[in-house]
Amino acid sequence: MSGIPTTLKALHDGERRLEHDLLAAAERHRTEPEVHHVATDVARWSRESAALIAALAPHYGLDLSGQTADPGPGLWATVREKTAEALGRRPETGLLLLHDLRDLHLAATENSLHWDMLTGAAQAGRDTDLLGLVTCCHPRTLRQMRWTSTMIRILSPQLLTSI
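Per chain, the residues get numbers from 1 upward, laid out in the order the sequence is written. In view of the model being predicted, local features appear only for residues whose pLDDT reaches at least 70, and side-chain atom pairs are presented and counted only at 80 or more, with totals across whole chains, interfaces and linings using the full set of residues. Values shown for side chains rest on all heavy atoms present in the structure; no hydrogens or waters enter the calculation.

Draft legend 1. Highlighting the overall build of the protein chain. Going along the chain from the N terminus, every DSSP run of H or I of four or more residues is numbered as a helix, and every run of E of two or more is numbered as a strand. Counting secondary structure elements, the protein chain contains five helices and zero strands. Overall, the protein chain shows an N-to-C arrangement of helices and strands of α-α-α-α-α. Between buried and exposed lies partly exposed: a residue is buried under 20% and exposed over 50% of the maximum accessible area for its type, with that area taken using a 1.4 Å probe on protein chains only. Across the 163 residues that make up the protein chain, the buried fraction comes to 42%. A fraction of 80% describes how many contacts in the protein chain between residues 6 or more apart in sequence connect residues 24 or more apart. Each accessible area is a Shrake-Rupley result for a 1.4 Å probe, and residues are judged covered by the shown protein chains and nothing else. Only carbon and sulfur atoms are counted for the fraction: they give 59% of the accessible area of the protein chain, which is about 8600 Å². Contacts: residue pairs with any heavy atoms within 4.5 Å of one another.

Draft legend 2. Just unusual backbone geometry, in detail. Located in the positive-phi region is Arg126, a residue other than glycine, with phi close to 50°. If you trace the backbone, Arg126 turns up in the loop between helix H4 (91-124) and helix H5 (128-161).

Draft legend 3. Up close: the pattern of salt bridges. One side-chain nitrogen of Lys or Arg within 4 Å of one carboxyl oxygen of Asp or Glu is enough to make a salt bridge. Applying the stated rule across the entire model yields eight salt bridges. The salt bridge involving Lys9 is made with Asp13; its shortest N-O contact spans 3.1 Å. Taken together, the residues Lys9 and Asp13, both in helix H1 (residues 3-28) and four residues apart, mark about one turn of the helix. Overall, Asp13 belongs to the buried group, its relative accessible area being 16%.

Draft legend 4. Summary view of helix H2 (residues 33-56). One fewer than the residue count of a helix, multiplied by 1.5 Å, yields its expected span. Taking 1.5 Å as the rise per residue, H2 with 24 residues should run 34 Å; its terminal C-alpha atoms sit 35 Å apart, in good agreement. Within the sequence span of H2, burial applies to Val35, Ala39, Val42, Ala43, Trp45, Ser46, Ser49, Ala50, Ile53, Ala54 and Leu56.

Draft legend 5. Up close: the packing of H1 against H2. Packing of H1 against H2 brings their axes to within 8 Å, and their N-to-C directions diverge by 160°. Comparing the axis directions of H1 and H2 gives the class roughly antiparallel. Like other packed secondary-structure pairs, H1 and H2 cross with a definite hand, here left-handed. Contacts between H1 and H2 pair Leu8, Leu11, His12, Glu15, Arg16, Leu18, Glu19, Leu22, Leu23, Ala26 and Glu27 from the former with His36, Ala39, Thr40, Val42, Ala43, Ser46, Arg47, Ser49, Ala50, Ile53 and Ala54 from the latter. Comment: axis = line fitted to C-alpha atoms, over the contacting stretch for helices; angle = value between 0 and 180 degrees taken between N-to-C directions. We call two directions roughly parallel when the angle between them is under 35 degrees, roughly antiparallel when it is over 145, roughly perpendicular when it lies between 65 and 115, and oblique otherwise. Each helix crossing is assigned a hand: it is left-handed if the near helix lies turned anticlockwise from the far helix by less than a right angle, otherwise right-handed if that turn is clockwise.

Draft legend 6. View of the state of the cysteines. Only a pair of cysteine sulfur atoms within 2.5 Å qualifies as a disulfide here. One pass over the structure, following the stated rule, counts zero disulfides. Sulfur of Cys136: no disulfide; nearest cysteine sulfur belongs to Cys137 and is 4.2 Å away.

Draft legend 7. Up close: the nonpolar core. Ranked by size, the top nonpolar core spans 20 residues in total, and within it Leu18, Leu22, Leu101, Trp147, Met151 and Leu155 carry the most contacts. In terms of residues, this core owes the most to one element, H4, which gives six residues. Apart from the residues within four sequence positions on either side, Leu22 is in contact with Ala39, Val42, Ala43, Ser46, Leu104, Gln144 and Trp147. Take the buried Ala, Val, Leu, Ile, Met, Phe, Trp, Tyr and Cys residues and link them wherever side-chain atoms come within 4.5 Å; each set so joined is a nonpolar core.

Below you can see the structure in the form of structure tokens.
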């Protein structure tokens, strides 16, 4: 597999994981309305991006239809979720929220880097289809990053000093 298909597959998997992680965080932090609603909304962007990647993939010899990158929540995510349920709105849930926002930000950043790589490849190869995909989807990923970063910046002072 050459560079573009490999990067498309990694990005497709990353967008699917980010969608899953955003929805899981939204559910875990359902007592925080902004987090719950915004995370649910921006998860849709990752789902749409993954679908658009899958639609373009055959052009590069890939079949991403039906592929899921849902490895399950993993041990630590399950522990965080059960702890959040048990604690409700206690200060400790704030640390869980910050941890989740950090993980979401890092996942979105990884996807953004893949989009950056594909932008360069599309421009170098004058690939208008790939450039169209990047132009459509990368701004959404950047907005996901800005949202998580802003939430961390807003919440950190109060949450880290209240415990």
